[in-house]
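The chain contents come next:
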Amino acid sequence: MDVLRLDLLHPVISGNKWFKLKYYLQEAVNTGKKILVTFGGAYSNHIVAAAAAAKEQGLQSAGIIRGEKGVHPSPTLMDAMGFGMELYYTTRENYKTKQIPSLLLESHDPGDLYFIPEGGYGEKGAAGAEDILDLVELSDYSHIMAAAGTGTMLAGLIRGSLDHQQVTGIPVLKNNFSLEQEIEKLLPPEKKHRFTLLYDYHFGGYAKYTRGQTVFMNEWYQRTGIPSDFVYTAKLFFAVQDLVEKKYFPGGSRLLVIHSGGLQGNRSLDKGTLIF
Ligand SMILES: *Cc1c(COP(=O)(O)O)cnc(C)c1O
């Protein structure tokens with residue numbers, strides 16, 4: 001088993017988000033847009049990555065943030081503001097329907113805005129995620145494994161995978177039964193059946209965790225030296241270990257496991273929970 005350490009790309013703006021944003025940014029620049037707008041929660045890896053990527057491209061950015069403004073903004077939102085992102089807080093109801101806050105529309109020329117879907121879901125996000133596989137000697141592997149939120153990264157990995165490879169996704173949301181369809185929408189017909197989703201490793205659901213999970217994260221770190229985040233990659237690594245123990249993979253399998261980053265999100269855990 002090899003772990004592709006996308007977490008090492010950058011301490012805060014790490015992982016798959018750079019890849020998923022790449023072609024959106026390119027289009028924003030090519031069409032002369034000035035302000036990147038996207039959606040996320042207070043600890044969203046996507047929000048902070050979008051803020052950083054916009055700044056790097058010389059674009060402005062605005063984040064539509066789920067929930068009321070708190071007394072103390074999260075470290076993630078502080079980072080996003082540090083990259084120059086304007087934040088627009090919105091109620092959970094309005095967030096769900098992806099309403100654009102009127103204040104945002106009033107403060108900018110709407111023609112300057114470039115919208116990126118939540119989590120970078122979409123054709124361009126998947127195309128960017130496909131490029132992740134350029135980093136490895138792909139034909140060495142029989143299986144590719146990754147965590148799935150919106151499934152955009154997984155779709156990219158499936159698109160880039162070779163005929164003999166099986167791609168396995170670990171959904172981090174509970175009861176997210178539309179995920180399979182969402183992923184299939186981003187795949188060409190011949191690849192629609194080349195992946196498996198294993199739904200039993202969500203540890204309670206999105207951004208939920210148990211004490212068992214944080215204990216696992218520390219043990220995994222002690223054993224491998226690899227830090228994980230509690231929302232995505234810890235669930236993935238736990239799943240991989242569990243599946244290996246259960247002999248899910250045939251003998252001789254070569255696993256490529258994608259560390260998709262996201263360590264900045266661990267800042268929402270109580271101090272002392274993790275040893276790294
Ligand atoms: C966003 C994220 C994912 C999920 O990516 P999707 O393309 O939404 O499935 C996985 N891992 C980490 C660390 C992330 O930040």
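For the structure given in this document, a descriptive report is provided here. (Residues numbered from 1 in each chain as written. Predicted model: local features only at pLDDT ≥ 70, side-chain atom pairs only at ≥ 80, totals over all residues. Heavy atoms only, no water.)

**Some details on unusual backbone geometry**
Consideration 1: A positive phi angle is found at lysine 98, which is not glycine, with a value near 55°.
Consideration 2: Following the sequence through the fold, lysine 98 ends up in the loop between α4 (92–96) and α5 (102–107).
Consideration 3: Phi is positive for alanine 207, close to 60°, though the residue is something other than glycine.
Consideration 4: Examined against the element boundaries, alanine 207 turns out to sit in the loop between β8 (195–197) and α9 (211–224). (Helix = DSSP H or I, 4+ residues; strand = E, 2+ residues; numbered from the N terminus.)

**Re the nonpolar core**
Consideration 1: By size, the foremost hydrophobic cluster in this structure holds 28 residues, and its most contacted members are Ile132, Leu154, Leu157, Ile183 and Ile258.
Consideration 2: Of all the elements in the fold, those that place two or more residues in this core are α6 (123–130), β6 (143–148), α7 (152–160), α8 (179–184), β8 and β9 (255–259).
Consideration 3: Ranked by the residues each element gives to this core, the list is headed by α7, at five residues.
Consideration 4: Look past the residues within four positions of leucine 154 in its chain and what remains in contact with it is Ala146, Val167, Thr168, Gly169, Ile183, Phe195 and Leu197.
Consideration 5: Judged by nonpolar contacts, the second largest core, of 24 residues, contains Leu198, Trp220, Ile226 and Phe249. (Core = buried A, V, L, I, M, F, W, Y, C linked by side-chain atoms within 4.5 Å. Buried < 20%, exposed > 50% of the residue type's maximum accessible area, 1.4 Å probe, protein only. Contact = heavy atoms within 4.5 Å.)

**Observations concerning the site of the ligand**
Consideration 1: Inspection of the region around the ligand gives 14 residues, with Lys17, Asn45, Gly149, Thr150 and Ser260 positioned closest.
Consideration 2: The contact in question runs from an oxygen atom of the ligand to an N or O atom on the side chain of asparagine 45, over 2.7 Å.
Consideration 3: Within the backbone of glycine 151, a nitrogen or oxygen atom sits 2.8 Å from an oxygen atom of the ligand.
Consideration 4: Across the complex, the protein chains shield 98% of the 380 Å² of accessible surface that the ligand would expose by itself.
Consideration 5: Residue assignment for the shell around the ligand shows that the elements contributing at least two residues are α1 (16–30) and α7.
Consideration 6: For the shell around the ligand, the leading source of residues is α1, giving three residues.
Consideration 7: Looking at the shell around the ligand, its residues break down into three nonpolar, nine polar and two charged. (Near = heavy atom within 4 Å. Polar contact = N/O pair within 3.5 Å; in protein donor to acceptor, adjacent residues only side chain to side chain. Areas by Shrake-Rupley, 256 points an atom, 1.4 Å probe, with all protein chains shown as cover. Nonpolar A, V, L, I, M, F, W, Y, C, P; charged D, E, K, R; others polar.)

Interpretation in functional terms is not warranted from these geometric data alone.
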